[in-house]
Every structure is written in structure tokens, then in C-alpha cells.
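Chains, contacts and geometry: an overview
In case you want the letters, here they are:
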Amino acid sequence: MRRRDTGLLDVRLFRERTLAAGSITLLVVFGVQAGIGVVLFPFFQAVLGWSGLLSTVAMMPMAVAMMMASGLAPKLTSRTGARATMAVGIALAGVGMALMALFVSASGGYLSVLPGLLAMGIGMGLSMTPSTEAITASLPHQNQGVASALNDVTREFGTALGVALLGALVSAGYRSAIDDRLHGIPQRAADTAREGVANAVEAATTTGPHAQDLLHAAQQSFVDGWQQAMWAGTAIMCVLFVYIAALGPKRVQRLHRDAGHTRLGA
């Protein structure tokens, strides 16, 4: 704060609505996206029994929807404003998480999560583009390197938080749910199954007649943990929606001030 000549970014700039809203939105959206990836791959591989390649292909609808929505976002922003576009995107991402929490099931397979994936892809695409523009537009031309770095930091930090939070919720929900479903399973296999759904799938091959019971218990428990994580993500997106609807930038305008006025270091 005091050593202005050596500072890279004056943190007081976060008092500006545009910069703060863009940074927080990217932080949360990328966190949710990363957390979804942590949950989806075990679901595809351990619950549905898919290969790694097929599991990756199954993520493509969300990626395609995101790319299409990202291309539409600038036009929508120019017509309705950044706040409205970001709010709509955040709302759709929250709806996507709620859909997956409501309809995910081992028996329903891929179709039980596809609507949620598509809604999330569209929502993230709509919210990411104006959020990135909000960050870059908040800093002058000569400090666009700082803006780019800030944009990357919020994404990386959000990714780390999302993996930690949603991953922990899935694991905690899985362990809590599977304890009541291991009656009659050999102790050694049951202990292994408590470590995670992938461990349970591996342990099932050694339990003989109990294999199907153990697999069913692990798969249902993972779905329970999934739902817990998705509802938590939905709640986070609801809070973000309220914040953006109330304090998000109405219009993103390019900043033309020089570095001296913005108090940014070289």
C-alpha cells in the first residue's frame, strides 16, 4: 500500500465494482467448473464403468455449450449490459448444478447428468466473457499485463478452491453414506471401500458373492456424496447471483487513465 513504486497491483482498486465483480465471478465459476470435473470423472469411470477416453468425450457437450455461449456473450452484453449477462450465466450454472443434484443416479447413467452439464456449459460461457472484460477494462492500457495476470490468478485460485471444497464434500458424503451399506461385507474389503469409490470397485473383485452388493453400496454412496456437493455448489452460485444482481457492473467501459493516476507500479 505504501511502497507504490514497487507494487504490482494497488489492492484498493478492488473497491471498484467492475474489477471486484469480474474477479469474484471468475473465482467462483472456475471453482465450480473444476469441482464438477473432480466429481464427474469418478462417476463416469467408477459408477458407470467407462474408460478414461470415453469419460473425457462425455465432457465435450459442456465444453461445446461453453464455447458457443462465449461467442454469444459479447453481443448479449452490448444489448443488455454486463450485469444482466453475468447474472443470467450464473443463474444457468446454478440451475445446472441443481439439475445434476436432483436427477443424478447410477441407474439413470449419462442422461441423468447431461441436462445439467449443458445448462452449466451455457451459464459458464455467458458469465466468463463479461467477467474477463470487466477485469481488463478496469485497468489502463499500459497495465494490461497486470490485468492478464490478475485474470489468470483468479482462475487458478478458484480452481484450487473448487477442487478442495467440492472434492472434500463428495468424499465426506461418500464415507458417511457407505458406512450404513457395508453390513455383511468382509471387514477387509469394507475398510478398503471406505477409502473411496475407486477403491471399492477394486476391492469388489476379491469379495466373491459379495461383489455386487459392495459395488451397489459404493455407487449409491458416491451418488449421495455427489448430491451433497452439487447442492453446496448451487448455494454458492445463488449467493454469487445475488451479489452480481445487486453490485455487478451495468456497463463495462474501457479505462483510459494513466499509471500515475491509478497508482499502479511498473
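Residues numbered from 1 in each chain as written. Predicted model: local features only at pLDDT ≥ 70, side-chain atom pairs only at ≥ 80, totals over all residues. Heavy atoms only, no water.

1. Side note on helix 3 (residues 60-80)
Applied cut-off: In this text, helices come from DSSP runs of H or I with a minimum length of four residues, and strands from runs of E with a minimum of two, each type numbered from the N-terminal end. Expected span of a helix: the number of residues minus one, times 1.5 Å. Working definition for bend: take the seven residues up to and ending at a residue and the seven starting at it, fit an axis to each, and measure the angle between the axes. For each residue, the accessible area found with a 1.4 Å probe, counting protein chains only, is set against the maximum for its type, and the residue is called buried under 20%, exposed over 50%, and partly exposed in between.
Compared with the 30 Å implied by 1.5 Å per residue over 21 residues, the 29 Å span of helix 3 between its first and last C-alpha is a close match. Remark: the principal bend of helix 3, roughly 35 degrees, maps to Ala73, with a proline, Pro74, within the next four residues. Buried within helix 3 we find Met62, Ala65, Met66, Ala69, Ala73 and Thr77. Two residues or fewer after helix 3 comes Gly81, characterised by a positive phi angle close to 100 degrees.

2. Points about helix 1 (residues 17-47)
The end-to-end C-alpha separation of helix 1 is 43 Å, in line with the 45 Å expected for 31 residues at 1.5 Å each. Within helix 1, 23 of the 31 residues are buried, leaving the element largely enclosed by the surrounding structure. Immediately beyond the C-terminal end of helix 1, within one or two residues, lies Gly49, with a positive phi of roughly 75 degrees.

3. Some words on the environment of Gly158
To keep it simple, the criterion reads: We call two residues in contact whenever any of their non-hydrogen atoms come within 4.5 Å of each other.
Summarising the element assignment, Gly158 is placed in helix 6 (residues 144-178). Separated by 126 residues in sequence, Gly158 and Val32 place their C-alpha atoms 8.0 Å apart. Once you skip the residues sitting within four places of it in the chain, Gly158 turns out to touch Leu27, Phe30 and Gly31.

4. Description of the environment of Lys75
Tracing the backbone shows Lys75 in helix 3. Put simply, Lys75 and Thr85 are 10 residues apart on the chain and 9.8 Å apart in space, counted from C-alpha to C-alpha.

5. Notes on the nonpolar core
Put simply, the test is: Joining through side-chain atoms within 4.5 Å is the link that ties buried Ala, Val, Leu, Ile, Met, Phe, Trp, Tyr and Cys residues into a set, and such a set is a nonpolar core.
By size, the foremost hydrophobic cluster in this structure holds 62 residues, and its most contacted members are Phe43, Val113, Phe222, Trp226, Met230 and Met237. Contributing elements (two or more residues each) for this core: helix 1, helix 3, helix 4 (82-103), helix 5 (114-137), helix 6, helix 7 (187-193), helix 8 (197-204) and helix 9 (211-247). The leading source of residues in this core is helix 1, at 14 residues. Setting aside chain neighbours within four positions, we find Phe222 in contact with Val39, Pro42, Phe43, Val47, Val170, Tyr174 and Val197.

6. Here's the deal with the packing of helix 4 against helix 5
For clarity, the cut-off: Geometry is summarised by axes, namely lines fitted to C-alpha atoms with helices restricted to the contacting stretch, and by angles between N-to-C directions that run from 0 to 180 degrees. Geometric relationships in this document are graded by angle, where less than 35 degrees denotes roughly parallel, more than 145 denotes roughly antiparallel, 65 to 115 denotes roughly perpendicular, and other angles denote oblique. Two helices that cross are described as forming a left-handed crossing if the nearer one is turned anticlockwise from the farther one by less than a right angle, and a right-handed crossing if clockwise.
Across the interface, helix 4 lies against helix 5 with an axial gap of 7 Å and an inter-helix angle of 155 degrees. Between helix 4 and helix 5, the angle falls in the class roughly antiparallel. Crossing of helix 4 against helix 5: the hand is left-handed. Taking contact as the criterion, the partners of Ala82, Thr85, Met86, Val88, Gly89, Ile90, Leu92, Ala93, Gly96, Met97, Leu99 and Met100 in helix 4 are, on helix 5, Pro115, Gly116, Leu117, Ala119, Met120, Ile122, Gly123, Met124, Leu126, Ser127, Pro130 and Ser131.

7. With respect to the packing of helix 1 against helix 5
At a minimum axis distance of 8 Å, the contact between helix 1 and helix 5 shows a crossing angle of 150 degrees. By the angle between their directions, the pair helix 1 and helix 5 is classed as roughly antiparallel. As for the relative orientation of helix 1 and helix 5, their crossing is left-handed in sense. Within the contact between the two elements, helix 1 uses Thr18, Leu19, Gly22, Ser23, Thr25, Leu26, Val29, Phe30, Val32, Gln33, Ile36 and Leu40 and helix 5 uses Leu117, Met120, Met124, Ser127, Met128, Ser131, Thr132, Ala134 and Ile135.

8. Some remarks on the pattern of salt bridges
Short version of the rule: Note on definitions: salt bridges are taken to be side-chain nitrogens of Lys or Arg within 4 Å of carboxyl oxygens of Asp or Glu.
In total, this model carries 3 salt bridges according to the counting rule given. Between Asp179 and Arg194 there is a salt bridge whose closest N-O contact spans 2.8 Å. Remark: Arg194 occurs in the loop between helix 7 and helix 8 and Asp179 occurs in the loop between helix 6 and helix 7; sequence separation between them is 15 residues. According to the relative accessible area criterion, Asp179 is partly exposed, its value standing at 37%. Among the ionic pairs, Asp191 bridges to Arg194, the shortest N-O distance being 2.8 Å. Among the residues examined, Asp191 registers a relative accessible area of 37% and is labelled partly exposed. Judged by its relative accessible area of 27%, Arg194 is partly exposed. One network of salt bridges, in which partners are shared, links Asp179, Asp191 and Arg194.

9. Things to note about the packing of aromatic side chains
Just so we agree on the cut-off: Working definition: a ring pair exists when centres of Phe, Tyr or Trp rings (six-membered ring for Trp) sit within 6.5 Å. Plane angles under 30 degrees give stacked, over 60 give edge-to-face, the rest tilted.
Enumeration according to the criterion identifies 5 aromatic pairs in this entry. With centroids separated by 4.9 Å and ring planes inclined at 55 degrees, the aromatic side chains of Phe43 and Trp226 adopt a geometry described as tilted. Separated by 183 residues along the polypeptide, Phe43 in helix 1 and Trp226 in helix 9 bring together distant segments of the chain. For the pair shown, Phe43 and Trp226 are each scored as buried. Taken together, Phe43, Phe44, Trp50, Tyr110 and Trp226 form an aromatic cluster joined through their ring pairs.

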